[in-house]
Each structure stands twice: as C-alpha cells, then as structure tokens.
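# A look at the structure
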Amino acid sequence: MMIIANTPRLTLRLVNIHDAEFIFELLNDPSWIKHIGDRGITDLERARTWINDGPLKSQSTHGFSFYVVTLKESGVQIGLCGLVKREVLPNVDIGYAFLPRYWGQGYAEEAAIAIVHYAHAQLGIDKLAAITSPENASSNKLLKKLGFDFEDEVMLMLSGEEKRCNLYGYAMRE
C-alpha cells in the first residue's frame, strides 16, 4: 500500500482495485454527479476499470493521481483528494470529493493541505490550478481558505461535455 501522506486524522494512499465498492459509491453520489459529472460507473467492474484507467494510469504516467482518503484510526475510506493533469489546463490541478456523511468536519481541508505540501515538497510543483463549479459554494470557499486565487470563470471540455468552471491558481510559498 503506497501511502502519500499522513495528517493528524487521515491517511492518503494510492487507490487500488479493492477500493471498487467505495469508488462506486462516491462516483454515484448525487453531489459527484452534479458538480463533477456522471462517469457511467454502473457496476463494480466499471469502478475497477475507472481505477485502472484513471488514478493508476495517472500515477504511472505522471507520478501523481487522486488518492483515497481514509480515517487514520479505522482505515474507512471517506473521499478522494489528489492531483490530475488535464489537457485543458496548463498547470496540475488539485481535486477532492468526499462522501456527504463526512462533510463539514474539516477533512477536505486537511487532505488538501497535505496534497499541496506533497505537490511542492515531493514533486517540485510550484503552481497548482483548481476548478470547481460556480454553484459549489463549499468547494469555492475551501479553495479560497487554502490560499487559491480566483482567476476566471471558464468553459472547459471535461469528460466530453463543456462545463462552466471557476478557475483558481495557487503559487507555492516557501
């Protein structure tokens, strides 16, 4: 198991095939579909394919991906947080999504801070991007809290559909 980061309450680790049930639940949550998009994960086999073609392929190609966020004490999977290189953006993009029952407890902030640190300290990345739907108030608020600067509202082609997004940038500080 490849651990990327530990925080006081969380462990961030590489996704694996055994996460298929969790991925199926997260990617079919109404909030994921509304704010990120329907990935067509209709069964566990498609969840396993998404794991292989998404995070695992990104990790082998770029050296980073989305990571499973687990509660340190129990190992329970609560969300994804990590980095993605999108063809439509010049900089590496931070992203996160959590199951609704874990919202409002500071987990997304804790995980995102760990990923920003990892991107800089381990990968040498000095500028990050972030995108979120303009309607996703909590995600927009979190990005600002993390020190990301709103740059523009843009139309991006994401997973085959054009989406209106708020684009944020973050320059690493020493």
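Here's what I pulled together on the structure shown here. Quick caveat, the model's predicted, so the values are computed rather than measured.

## Notes on the overall build of the chain
Assigned secondary structure in the chain consists of five helices and eight strands. Its helices and strands taken in sequence order, the chain reads β-β-α-α-α-β-β-β-α-β-α-β-β from the N to the C terminus. Dimensions along the principal axes, computed over C-alpha positions, put the chain at roughly 35 × 35 × 35 Å. For the chain, with 174 residues in total, the buried portion stands at 49%. Partitioning the intrachain contacts of the chain with sequence separation of at least 6 by distance along the chain shows that 59% fall at a separation of at least 24. For the chain, the computed accessible surface area is about 9,000 Å², with 52% contributed by carbon and sulfur atoms. Separation between the mean location of the 18 positive side-chain charges and that of the 22 negative ones in the chain comes to 3 Å.

## Examining the sheet that holds strand β3 (residues 66–71)
Read from one edge to the other, the open sheet built from eight strands follows the order β1-β2-β3-β4-β5-β6-β8-β7, with strand pairing classed as mixed. Edge strands, defined here as strands with exactly one partner in the open sheet, are β1 (3–6) and β7 (149–158). On average, adjacent strands in this sheet sit at an angle of 30° to one another, irrespective of strand direction. Bridge count for strand β2 (residues 10–14) against β3 is five bridges, and the pairing is antiparallel. What sits directly across from L12, in β3, is V69. Strands β3, β4 (77–84) and β5 (92–98) of the sheet are contacted by helix α1 (residues 20–27), whose axis makes an angle of about 80° with β4.

## Details of helix α4 (residues 107–121)
Taking 1.5 Å of rise per residue, 15 residues should cover 21 Å, and α4 covers 21 Å from first to last C-alpha, within 8% of that figure. Inspection of α4 places Y107, A108, E110, A111, A112, A114, I115, V116, Y118 and A119 among the buried residues, and these make up the whole buried set.

## Some remarks on α1
Of all the residues in α1, the buried ones are A20, F22, I23, L26 and L27. Across the axial projection of α1, the buried residues extend over an arc of 160°, all falling on one side.

## What to know about the nonpolar core
In this structure, L12, L80, L83, L128 and F148 are the most contacted members of the largest nonpolar core, which totals 51 residues. Residue contributions to this core peak at nine residues, all from α4. With eight residues, the next largest nonpolar core counts I131, L158, C165 and L167 among its residues.

## Examining the pairing of β2
Every regular strand shows the same layout, with side chains that alternate between the two sheet faces. Most of β2 sits out of view: five of its five residues are buried. Of the pairings in the sheet, the one linking β1 to β2 comprises three bridges and is antiparallel in character. When the sheet's bridge partners are listed, I3 is paired in β2 with R13. Remark: three residues form the turn of the hairpin made by β1 and β2, two consecutive strands paired antiparallel.

## Some details on the pairing of strand β8 (residues 161–171)
Where strand β6 (residues 127–132) and β8 come together, six bridges link them in antiparallel fashion. Each residue of the ladder has a partner; that of L128, found in β8, is Y170. Across nine bridges, β7 lies against β8 in antiparallel orientation. Pairing of V154 across the sheet is with C165, part of β8.

Reading the values: rules and limits
Within each chain, residues carry numbers counting from 1 in the order of the written sequence. The predicted origin of the model limits local features to residues at a pLDDT of at least 70 and limits the giving and counting of side-chain atom pairs to 80 or more, whereas totals for whole chains, interfaces and linings rest on all residues. Here the side-chain values reflect all heavy atoms present in the structure, with hydrogen atoms and water set aside. Helical segments are the DSSP runs of H or I of at least four residues, strand segments are the runs of E of at least two, and each set is numbered from the N terminus. Burial classes follow relative accessibility: with a 1.4 Å probe on protein chains only, a residue under 20% of its type's maximum area counts as buried, one over 50% as exposed, and anything between as partly exposed. We call two residues in contact when some of their heavy atoms are within 4.5 Å. For the accessible areas, the method is Shrake-Rupley and the probe is 1.4 Å, while residue cover comes only from the protein chains on display. The positive count covers Lys and Arg only, the negative count covers Asp and Glu only, and His and the chain ends enter neither. Here the site of a charge means atom NZ of a Lys, CZ of an Arg, CG of an Asp or CD of a Glu. Pairing between two strands requires that DSSP report at least two bridges joining them. Only the stretch in contact is used when fitting a helix axis, every axis being a line fitted to C-alpha atoms; angles between N-to-C directions are given from 0 to 180 degrees. To estimate the expected span of a helix, subtract one from its residue number and multiply by 1.5 Å. By construction, the arc corresponds to the directions joining the helix axis to the C-beta atoms. Take the buried residues of types Ala, Val, Leu, Ile, Met, Phe, Trp, Tyr and Cys, join any two whose side-chain atoms come within 4.5 Å, and each joined set is a nonpolar core.

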